[in-house]
Amino acid sequence: MDQPPAGRGRPARMPRALRRAQVLAIAQELFTSEGFHHVSMDDIADRAEVSKPVLYRHFPSKLDLYLTVVDARGDELLSAVDAAVATHPPGEVRPHDARAILTGVVRAYVDFVDGAGESSALLFESDVRHDLEVRARVERATEAVTRRLEAVLADVAGVPPETAALLAPSVAATAQAAATRRLRAPGAASARDTAALVARLAWGGVAGFLPGAEEPDDGTDPVSTQRERGPLDGPAGARPA
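Residues numbered from 1 in each chain as written. Predicted model: local features only at pLDDT ≥ 70, side-chain atom pairs only at ≥ 80, totals over all residues. Heavy atoms only, no water.

Notes on the pattern of salt bridges
Under the defined criterion, the tally for this structure stands at 12 salt bridges. The closest approach of N and O atoms between Glu118 and Arg184, which form a salt bridge, is 2.9 Å. Remark: Arg184 occurs in helix 9 (residues 161-184) and Glu118 occurs in the loop between helix 5 (97-116) and helix 6 (121-124); sequence separation between them is 66 residues. The partner of Arg184 in a salt bridge is Glu125, with the nearest N and O atoms 3.3 Å apart. Residue Arg184 is located in helix 9, and its partner Glu125 is located in the loop between helix 6 and helix 7 (132-138); the two are separated by 59 residues in the primary sequence. Its relative accessible area of 44% is what places Glu125 among the partly exposed residues. (Salt bridge = Lys/Arg side-chain N within 4 Å of Asp/Glu carboxyl O. Helix = DSSP H or I, 4+ residues; strand = E, 2+ residues; numbered from the N terminus. Buried < 20%, exposed > 50% of the residue type's maximum accessible area, 1.4 Å probe, protein only.)

Things to note about unusual backbone geometry
We note that Glu49 has phi near 60 degrees; this positive angle belongs to a residue other than glycine. Locating Glu49 in the fold gives a position in the loop between helix 2 (41-48) and helix 3 (52-58). Its relative accessible area of 71% is what places Glu49 among the exposed residues.

So, helix 1 (residues 16-34)
Given a rise of 1.5 Å per residue, 19 residues ought to cover 27 Å, and the 26 Å separating the end C-alpha atoms of helix 1 matches this to within 8%. Here helix 1 has its buried residues at Arg19, Val23, Leu24, Ile26, Ala27, Leu30 and Phe31. Positive phi shows up at Gly35, right after helix 1, with a value of about 90 degrees. (Expected span 1.5 Å × (residues − 1).)

Looking at the packing of helix 8 (residues 140-156) against helix 9
Put simply, helix 8 and helix 9 touch, their axes get as near as 8 Å, and they point 130 degrees apart. Judged on the interaxial angle alone, helix 9 and helix 8 are oblique. In terms of crossing hand, the pair formed by helix 8 and helix 9 is right-handed. Note on element contacts: helix 9 touches helix 8 through Pro161, Ala164, Ala165, Leu167, Ala168, Pro169, Val171 and Ala172, opposite Thr146, Leu149, Glu150, Leu153 and Ala154. Per-class residue counts for the contact of helix 8 with helix 9 are 11 nonpolar, 1 polar and 1 charged. (Axes fitted to C-alpha atoms, helices over the stretch in contact; angles between N-to-C directions. Parallel < 35°, antiparallel > 145°, perpendicular 65-115°, else oblique. Left-handed = near helix turned anticlockwise from the far one by under 90°. Contact = heavy atoms within 4.5 Å. Nonpolar A, V, L, I, M, F, W, Y, C, P; charged D, E, K, R; others polar.)

Regarding the packing of helix 5 against helix 8
Closest axis-to-axis distance for the helix 5/helix 8 pair is 9 Å, and the angle between their directions is 165 degrees. By the angle between their directions, the pair helix 5 and helix 8 is classed as roughly antiparallel. In this structure, helix 5 crosses over helix 8, and the sense of that crossing is left-handed. Contact with helix 5, carried on its side by Asp97, Ala98, Ile101, Leu102, Val105 and Tyr109, involves Val145, Leu149, Val152 and Val156 of helix 8 and no other residues of that element.

A look at the nonpolar core
Core analysis: the largest hydrophobic core is formed by 65 residues, its most contacted members being Phe31, Ile44, Leu65, Tyr66 and Tyr109. With 11 residues, helix 5 is the largest single contributor of residues to this core. (Core = buried A, V, L, I, M, F, W, Y, C linked by side-chain atoms within 4.5 Å.)

Some details on the confidence of the model for the protein
Of the residues in the protein, 80% reach a pLDDT of 70 or more, and the chain-wide mean stands at 84. Highest mean pLDDT in the protein belongs to helix 2 (96); lowest belongs to helix 7 (88). Contacts for the low-pLDDT stretch residues 1-11, under 50 throughout, to residues beyond four places or in other chains number 4 contacts. This stretch, residues 220-241, has a pLDDT under 50; its non-local contacts, to residues over four places away or in other chains, come to 7 contacts. (pLDDT = per-residue confidence, 0-100.)

Topic: the packing of aromatic side chains
Inspection of the entire model under this criterion finds 5 aromatic pairs. Between Phe31 and Tyr66, the aromatic rings sit 5.0 Å apart at their centres with planes inclined by 80 degrees, giving edge-to-face as the arrangement. With a gap of 35 residues between them, Phe31 in helix 1 and Tyr66 in helix 4 (residues 62-85) connect regions that are remote in the sequence. In terms of burial, Phe31 and Tyr66 fall into one category: buried. Among the aromatic residues, those joined into a ring-pair cluster are Phe31, Phe36 and Tyr66. (Phe/Tyr/Trp six-rings, centres within 6.5 Å; stacked < 30°, edge-to-face > 60°.)

Spelled out as structure tokens, the structure:
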């Protein structure tokens, strides 16, 4: 017996690309709200109204589907950061141009988190980190942003490369934390003000490592370790009462 034509008792078949995008959107929503370990392929298939064989034709496993969702979020963040860095291409730049780039990178984080909402947590707070290869894939975007910041600090600001390698992850983590906090805090500062404040904080630290910056002149070693002095110790040489 002939099948009834689309629109007369049988829905039209959804194009493959559109079906795949629909599955990704539903998977992102479920992974964000429930976490990787609490979502099954059955759950995703039911929500997408497809059979499991159809779902597996698009994605061989739940992990493959999860990482595809994570990669998409990561690509969005990287595109935003690259756009901020590209505002000052290599060439005739001044060290303080790095401050403008840092502000742009922080704003990229804020705008990304604003747009992604809680799904940004798939990049920043993923519950799939037990396997080293999976962890590297999940953290791919963060590592790429860190490398870009490292290059900005070294090539534009003139910070020594080994120092830039240590500072860049801290700047990225600060931008990420501020953007996430703003998302979850009612009445938080505007995106523009958040970017300006966090960049000011970051630049205040970075500026101390610029060529020609004065070392602290307080009689102490500017670089100390926890083993040398504890956080509750008083001034150098002081003894507990």
